[in-house]
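Now for the letters of each chain:
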Amino acid sequence: MVGITAGSVAEISSRPGRRTLAAVLTRWTFIGLSLGFLAAVLLAPLAAVFTTALSEGVAAYFRSFADVDTGAAIRLTLFTAAIVVPLNTIFGICAAWAIAKFEFRGKTFLMTLIDLPFAVSPIVSGLVYVLLFGAQGWFGSWLVEHNIEVIFALPGIILATLFVTFPYVARELIPLMEQLGNDEEEAAMTLGASGLMTFLRVTLPKIRWGLIYGVILCNARAMGEFGAVSVVSGHIRGLTTTMPLHIEILYNEYAFVGAFAVASLLTLLAVVTLIVKSLMEWQASRASGN
Amino acid sequence: MQAVSGFRQPSVLPGFGLTLGFATFFLSAIVLLPLAALVLKTASMSWAEFLEVVLSPRALASYRLSFGASLVAALINTVFGFIVAWTLVRYDFPGRKILDAMIDMPFALPTAVSGIALTAVFAENGWIGQYLEPYGIKVAYTWLGVTVALTLIGLPFVVRSVQPSLLEVQRDLEDAAETLGATPLYIFRRIIFPTVVPALASGFTLAFARGIGEYGSVIFIAGNLPMKTEITPLLIVIKLEEFDYNGAAALGFVMLAMSFVMLLSINLVQAWARRGVVAARR
């Protein structure tokens, strides 16, 4: 303390919270390490998708979508998502209503079961359906007798996608609805609103953004699912290949521009998903700020 | 009023039976019944048959790779995930919000896309691979490639676990410690680390669990050589392609059992983390 008077420049610069050399160095080391790490594992791969897709020019990029099988893959993916996402959304809303609005025995256990598809490897998710509906599966011979195709056909792809994207909407809604509480719904009910009216007019506006994000995330995962669908699809080109499976086929044929062009569509979908998430968080912070 | 009053607490809100009924039915049809089929299929095998598959040298090698690479990737993510979370929470710099939003990219990006993109970057002639090649470091088509893919996949789990807990750290406590002469390292060890460690553990477990089952992002970069760079999920796919349903079911059962163990550990770690947060607030 000798030689440093209170209030002098030397004393102020050594006060906590001031920008000492060490603090500045730490700050830039942390920022540098973070940026370096993220650039290597996250940003470089994302950039690689677009540069490879455009490596032979814009014309070649757009030409790859003119391919018949690529078009079929895109249509199959859209069709699968159009069936899977609404079903999982209805499930998510039902599960969230039952779990968040009521107290009952076995609730925690039910939530663990809903989380199960998160924990299971996508390959196992596909495998279970092959064991059920495959040629040697439990219902295999019955399905063959009745000429119904599940595995290596559209129903299998839909089932596997349903399994994998099962928890997304429910997982997004349950914490949100628990946090919002029951007061307004109870008020609406005691004032004579019907159950459906209460949900549509009171609950739905409050959970709107969470629901939108859950649906968008579910959709992104449904369109992008690879492992589970790969097991049940049979890889029949132009018939049972979804976009991610078509990427694999093109990639293995060294058709890199085509593979990365399809990949760029799914990457854009992921970017849109993240933008919706940011909007949702912005809405939430604005709502809590008011 | 309710016949099932012992089962649930009464409420004026309607729709319990309908929503719970539908949710349980859908859950059973889509998730539980198929998983039960896997367990039953495995149960129909004899012990000798089961053990022959799951303890075969090729299977053991695949567990080693799946577990080893997931463990290394989860450790890398614990270190760098903390650094990234710290940077995002504590420092302001241009582009911080965009970077923060991009952390979730591996959640939203299809695994096949991350797989081919990482391979492009880390291959011998790739943007990063070409600088590692002169040092004899091969990433693509080795176990290192598997680890890199699992690092990308696990990153958001650690960052998103740690971020809220870093916000919990009491800044005035840090300032007080500093005025009392504590070194930054001491402050980190005694104030910051204890608050964050449950979240780190929880993020580590989530990333590790996810890594064991991961398929899409790994197979493109792994090389897929039997005994060397073949992960367990790929071995299941190979068994299925050979129409060896029993073999596939046995390995699938092992992976399902691992998932249950991981799910249990995640719940335990998170319960412990919640207790830790409560204790820190006191």
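The rules behind the values
- Residues numbered from 1 in each chain as written.
- Chains lettered and ligands numbered in written order.
- Predicted model: local features only at pLDDT ≥ 70, side-chain atom pairs only at ≥ 80, totals over all residues.
- Helix = DSSP H or I, 4+ residues; strand = E, 2+ residues; numbered from the N terminus.
- Buried ≥ 20, exposed ≤ 12 C-beta atoms within 10 Å, placed from the backbone.
- Contact = placed C-beta atoms within 7 Å.
- Rg over C-alpha atoms; globule rule 2.2 N^0.38 Å.
- Domains from an automatic or database assignment.
- Nonpolar A, V, L, I, M, F, W, Y, C, P; charged D, E, K, R; others polar.
- Axes fitted to C-alpha atoms, helices over the stretch in contact; angles between N-to-C directions.
- Parallel < 35°, antiparallel > 145°, perpendicular 65-115°, else oblique.
- Left-handed = near helix turned anticlockwise from the far one by under 90°.
- Core = buried A, V, L, I, M, F, W, Y, C linked by C-beta atoms within 7 Å.
- Bend = angle between axes of the 7 residues up to and from the residue.
- pLDDT = per-residue confidence, 0-100.
- Expected span 1.5 Å × (residues − 1).

A. Broad picture of the overall build of chain B. Along its length, chain B carries 13 helices and zero strands. Along chain B, from the amino end to the carboxyl end, the secondary structure elements read α-α-α-α-α-α-α-α-α-α-α-α-α. With the C-alpha coordinates of chain B rotated into their principal frame, the extents come out at 75 × 70 × 35 Å. Out of the 282 residues in chain B, the part that is buried amounts to 46%. Of the contacts formed within chain B by residues at least 6 apart in sequence, a portion of 78% connects residues at least 24 apart.

B. Seen up close, the overall build of chain A. Assigned secondary structure in chain A consists of 14 helices and zero strands. Written out in order from the N terminus, the α and β elements of chain A read α-α-α-α-α-α-α-α-α-α-α-α-α-α. Taken over C-alpha atoms, the radius of gyration comes to 26 Å for chain A, far larger than the 19 Å a tight globule of 290 residues would show. When the backbone C-alpha atoms are referred to their principal axes, chain A occupies close to 95 × 65 × 35 Å. Looking at the 290 residues of chain A, the share that counts as buried comes to 44%. Once local pairs closer than 6 in sequence are excluded, the contacts in chain A between residues at least 24 apart make up 74%.

C. Just the domain arrangement of chain B, in detail. Residues and elements named next belong to chain B. Domains assigned within chain B are domain 1 (14-44) and domain 2 (47-281). Inter-centroid distance (C-alpha atoms) of domain 1 to domain 2 is 29 Å. For the side of domain 1 that touches domain 2, the class distribution of residues is three nonpolar, one polar and one charged.

D. Region of interest: the packing of helix H2 (residues 21-53) of chain A against helix H3 (residues 57-90) of chain B. For the pair H2(A) and H3(B), interaxial distance at closest approach is 9 Å and the crossing angle is 120°. One finds that H2(A) runs oblique with respect to H3(B). In the packing of H2(A) onto H3(B), the handedness of the crossing is left-handed. Between H2(A) and H3(B), the residues in contact are A:Phe30, A:Ile31, A:Leu33, A:Ser34, A:Phe37 and A:Leu38 and B:Phe80, B:Ile83, B:Val84, B:Trp86 and B:Thr87, respectively. Split into classes, the residues belonging to the contact of H2(A) with H3(B) amount to nine nonpolar, two polar and no charged.

E. Summary view of the interface of chain A and chain B. Each partner contributes to the interface: chain A provides 78 residues, whereas chain B provides 74 residues. For the side of chain A that touches chain B, the element with the highest residue contribution is H2(A), accounting for 17 residues.

F. Geometry of the packing of helix H10 (residues 183-190) of chain A against helix H11 (residues 195-224) of chain A. All names here are of chain A. Running from N to C, H10 and H11 cross one another at 145°; their axes reach a closest spacing of 10 Å. Judged by the sense of rotation from one axis to the other, the crossing of H10 with H11 is right-handed. Here H10 contributes Glu184, Glu185, Ala188 and Met189 to the contact with H11, which in turn contributes Thr198, Val202 and Thr203. Among the residues forming the contact of H10 with H11, the class breakdown is three nonpolar, two polar and two charged.

G. Representation of the domain arrangement of chain A in the model. When cut into domains, chain A gives domain 1 (17-51) and domain 2 (58-289). Between the C-alpha centres of domain 1 of chain A and domain 2 of chain A the distance comes to 33 Å.

H. View of the environment of A:Ile83. Residue and element names in this part refer to chain A. Tracing the backbone through its elements, the reader meets Ile83 in helix H4 (residues 68-101). Residue class for Ile83 comes out partly exposed when judged on the 16 C-beta atoms lying within 10 Å of it. Residues Ile83 and Thr161, 78 residues apart in the sequence, show an inter-C-alpha distance of 9.8 Å.

I. Molecular detail of the nonpolar core. Core analysis: the biggest nonpolar cluster contains 166 residues, and A:Ala96, A:Leu127, A:Ile247, B:Ile116 and B:Ile221 have the highest contact counts within it. What A:Ile247 contacts, discounting residues up to four positions off in sequence, is A:Ala259, A:Val262, A:Ala263, B:Ala112, B:Val113 and B:Ile116.

J. Representation of the environment of B:Gln270 within the structure. Within the secondary structure, B:Gln270 is located in helix H13 (residues 245-281). Distance from B:Gln270 to B:Ala201, taken between C-alpha atoms, is 8.5 Å for residues 69 residues apart in sequence.

K. Broad picture of helix H1 (residues 16-43) of chain B. The largest bend in H1(B) amounts to roughly 45° and is located at B:Ser28. Within the span of H1(B), buried status applies to B:Thr19, B:Leu20, B:Ala23, B:Leu27, B:Ile30, B:Val31, B:Pro34, B:Leu35, B:Ala37, B:Leu38, B:Lys41 and B:Thr42.

L. Spatial organisation of unusual backbone geometry. Here A:Tyr254, not a glycine, exhibits a phi torsion of approximately 60°, which is positive. Looking at the secondary structure, you find A:Tyr254 in the loop between helix H13 (243-252) and helix H14 (256-289). Backbone geometry places B:Asn224, a non-glycine residue, at a positive phi of 60°. Within the fold, B:Asn224 resides in the loop between helix H11 (216-222) and helix H12 (232-241).

M. Spotlight on the confidence of the model for chain B. Model confidence for chain B is summarised by a mean pLDDT of 90, while 95% of its residues fall at 70 or above. Predicted as a complex, the structure gets a pTM of 0.89 and an ipTM equal to 0.88.

N. Summary view of helix H6 (residues 122-133) of chain A. All names here are of chain A. Over its 12 residues, H6 extends 17 Å from the first C-alpha to the last, a length consistent with the 16 Å expected when each residue adds 1.5 Å. A large share of H6 lies buried, amounting to 12 of its 12 residues. When H6 is considered as a whole, its buried residues turn out to be Pro122, Ile123, Val124, Ser125, Gly126, Leu127, Val128, Tyr129, Val130, Leu131, Leu132 and Phe133.

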